[in-house]
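What follows is the residue order along each chain.
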Amino acid sequence: MTEKPLAICWFRQDLRTTDNPALRAAHAAGTVLPIYILDDDSADTWKMGGASRVWIHHALNSLDENLDESLSLYSGNALKVLTKLCKKYNVSGIYWNRCYEPWRIKRDKEIKEKLSKKGIDVKSFNGSLLWEPWENLKEDGTPYKVFTPFYKKGCLQASIPKSPQFRPRDIDFFTDKESLSTDDLGLLPDKEWHKSLVSEWDISEQGAKKQMKKFFADGVSSYKECRNILSQEHVSRLSPYLHFGLISPQTVWHSTKKLTQDSNTMTFLSELGWREFSYSLLYHNNALPEKNLQEKFDKFPWEKNKQNLHAWQQGKTGIPIIDAGMRELWQTGYMHNRVRMIVGSFLVKNLLLDWREGEKWFWDCLFDADLANNAASWQWIAGSGADAAPYFRIFNPVLQGKRFDPDGTYTRKYLPELEKIETKWLFEPWNAPGDILKKAHIRLGMDYPTPIVDLAISRERALAAFKSL
DNA sequence: TGAAATGTTGGGGCG
DNA sequence: ACGCCCCAACATTTC
């Protein structure tokens, strides 16, 4: 037992020092013991995937640096860890920023109840959303089910998101001697895969700011038009930073508002609105990640073709734009949003595989794997969500490739075996004349797969299957 | 934040 | 000059 009262700042998905309400509260309460708990015990089926663990390994290291190397790390059941800390030290308060995954809400509620009873000041804050999902409701008090009114009425006419706060000065830190090291947490896989994975990312609070500034400097001015062009970096790539809270949505919102307002900034802000919408859907539908929002989808006869699923996961479907996207995911922990829609449509409609298979794979591979966004997006593309794509909306991977990767830069980057084929045939090599393939040194079925499905036939099959609902 | 099928229109070639 | 056909270009409908 030390004499000094300690305020625990429990970092979770808010791995930053600026605009962090919990850190400010802990600082105001006294000496700060900043901690992170890897709680796989409570997480159940949705414990962090492989890519997320790699990301958080680096994010914790940089957070530790930003906290004068005083971050204490633990592994195991969060209630047990916190209870133990309260026994060991004179803890006056515990402060955290809220998470919205159902399992975390349940766990945190229990922690708050149990530790409050012991006379500890336990408080949670909003550090991850622009508007709380329980506040953003329709006039009749029920949650929104459609994005447009949710955003236009619920978000834009609601209170302005609060302004970002500076990092508190002169924090008095305390470190637990029994803290684990980041390596002890075992977040990095044995495979070498994770090393190249992180090479394109600066996983730190500063890296998040840098990424935002880069986007503001050369991406946002043509965002509305160019965000769909796959080869160009006209998207913000802020999603993993937002997910883990290396930057707050308030910071992104208000920084965008400082730019000249036009249709580009409006479109970008609405993407933050989609994030809010996903969280609202999850908050009001706890089973969103597991269960069709529309019950009639429960009887949909999904195929159980392991081979096709595997080909999709490995980027070996024989359909170039699909394979390029899936390999981008594997190689970089990220996928351009337009391609996410294309590969999602392909999995669910052309392959008739259960959207939850896609959800699981993305959960494991994406740096920005986010329970709310991932589940809401997969239900959207499958058509099983509330405000979902209609069943007949089936993307044609050949047309999408030609339209959004017109010079083939993106597709060739991830499919070097198709490097030499002229762009005209790049997105449908199976239709290319023999001499064209020969000239490009492509033997279909050897250098690059023949398509695992016929696009026209599988489209008709999907239309029939979905129509029967 | 779709694609394909079908319908409509209008200019130009041609007898 | 006129009617006819063809077909691109665009619009609408359907899944």
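Conventions and cut-offs
- Residues numbered from 1 in each chain as written.
- Chains lettered and ligands numbered in written order.
- Predicted model: local features only at pLDDT ≥ 70, side-chain atom pairs only at ≥ 80, totals over all residues.
- Heavy atoms only, no water.
- Helix = DSSP H or I, 4+ residues; strand = E, 2+ residues; numbered from the N terminus.
- Rg over C-alpha atoms; globule rule 2.2 N^0.38 Å.
- Contact = heavy atoms within 4.5 Å.
- Areas by Shrake-Rupley, 256 points an atom, 1.4 Å probe, with all protein chains shown as cover.
- Lys, Arg positive; Asp, Glu negative; His and termini not counted.
- Charge placed at Lys NZ, Arg CZ, Asp CG, Glu CD.
- Polar contact = N/O pair within 3.5 Å; in protein donor to acceptor, adjacent residues only side chain to side chain.
- Near = heavy atom within 4 Å.
- Buried < 20%, exposed > 50% of the residue type's maximum accessible area, 1.4 Å probe, protein only.
- Arc of directions from axis to C-beta.
- Expected span 1.5 Å × (residues − 1).
- Domains from an automatic or database assignment.
- Buried area = accessible area lost by both parts, 1.4 Å probe.
- Salt bridge = Lys/Arg side-chain N within 4 Å of Asp/Glu carboxyl O.
- 1 Å grid on protein atoms, 1.4 Å probe; cavity = no way out; pocket = protein on both sides within 12 Å on 5 of 7 lines; lining within 4 Å.
- Points joined across faces, edges and corners; volume = space filled by probe spheres on them.
- Nonpolar A, V, L, I, M, F, W, Y, C, P; charged D, E, K, R; others polar.

What about the overall build of chain A?
Looking only at helices and strands, one finds 22 helices and five strands in chain A. A compact globule built from 469 residues should have a C-alpha radius of gyration of about 23 Å, and chain A, at 24 Å, falls within 12% of that. Its C-alpha atoms give chain A principal-axis dimensions of about 80 × 50 × 45 Å. In chain A, 78% of the contacts between residues at least 6 apart in sequence involve partners at least 24 apart. Carbon and sulfur atoms make up 51% of the accessible area of chain A, which amounts to about 20,800 Å² in all. In chain A, 65 positive and 60 negative side-chain charges are present, and the distance between their average locations comes to 3 Å.

What about the side chain of Ser-124?
Tracing the backbone through its elements, the reader meets Ser-124 in strand β5 (residues 121-125). At 2.8 Å, the side chain of Ser-124 forms a polar contact with the side chain of Arg-98. Reaching out from Ser-124, the side chain makes a polar contact with the side chain of Lys-112 at a distance of 3.0 Å. Ser-124 has contacts with Trp-96, Arg-98 and Lys-112, leaving out every residue within four places of it along the chain.

What about the protein's contact with DNA strand B?
Close to DNA strand B lie 13 residues, the nearest being Trp-274, Met-341, Phe-392, Arg-393 and Arg-403. What you see for DNA strand B is that sugar and phosphate hold 59% of its atoms within 4 Å of the protein. Here Phe-392 contributes a backbone N or O atom positioned 2.9 Å from a base nitrogen of DNA strand B. One nitrogen or oxygen atom from the side chain of Arg-403 is found 2.8 Å from a phosphate oxygen belonging to DNA strand B.

So, helix α6 (residues 147-155)
For an α-helix, the turn length of 3.6 residues means that residues three or four places apart are oriented alike. Inspection of α6 places Phe-147, Phe-150, Tyr-151, Gly-154 and Cys-155 among the buried residues, and these make up the whole buried set. Along the axis of α6, the buried positions cluster into a sector of 110°, meaning they face one direction only.

Some points on helix α8 (residues 205-218)
Taking 1.5 Å of rise per residue, 14 residues should cover 20 Å, and α8 covers 20 Å from first to last C-alpha, within 8% of that figure. Residues of α8 that are buried include every one of Glu-205, Gly-207, Ala-208, Gln-211, Met-212, Phe-215 and Phe-216, and no others. On its buried side, α8 packs onto α3 (50-66), α9 (223-226), α10 (239-243), α11 (249-257) and α12 (263-284).

Thoughts on the domain arrangement of chain A
Parsing chain A into structural domains produces domain 1 (6-126), domain 2 (129-163 + 205-284) and domain 3 (295-467). Each of domain 2 and domain 3 was reduced to a C-alpha centroid, and the two centroids are 26 Å apart. Note on domain 2 versus domain 3: buried area summed over both sides is about 1,800 Å², and carbon and sulfur give 62% of it. Its largest share of buried area at the contact with domain 3, domain 2 owes to Asn-228, Leu-230 and Arg-237, together 33% of the area lost on that side. Between the two partners, domain 2 and domain 3, sit zero salt bridges. Remark: the boundary between domain 2 and domain 3 carries nine residue pairs in polar contact (both at pLDDT 80 or more). Considering each element in turn, the side of domain 2 that touches domain 3 owes the most residues, seven residues, to α12.

Some points on empty space enclosed by the protein
Throughout the structure, instances matching the rule amount to three cavities of 30 Å³ or more. The calculated volume of the largest cavity comes to roughly 190 Å³. For the largest cavity, the lining is made up of 21 residues, of which Gln-13, Tyr-36, Met-48, Trp-103 and Arg-104 are closest to its centre. When grouped by side-chain class, the residues that make up the lining of the largest cavity number eleven nonpolar, three polar and seven charged. Volume-wise, the second largest cavity comes out at about 50 Å³. Considering the residues around the second largest cavity, the lining is formed by Gln-13, Arg-98, Cys-99, Tyr-100, Glu-101, Ser-128, Leu-242, His-243, Arg-275 and Tyr-279. In terms of residue class, the lining of the second largest cavity is built from four nonpolar, three polar and three charged. Of the residues that make up the lining of the second largest cavity, three or more belong to each of domain 1 (6-126) and domain 2 (129-163 + 205-284).

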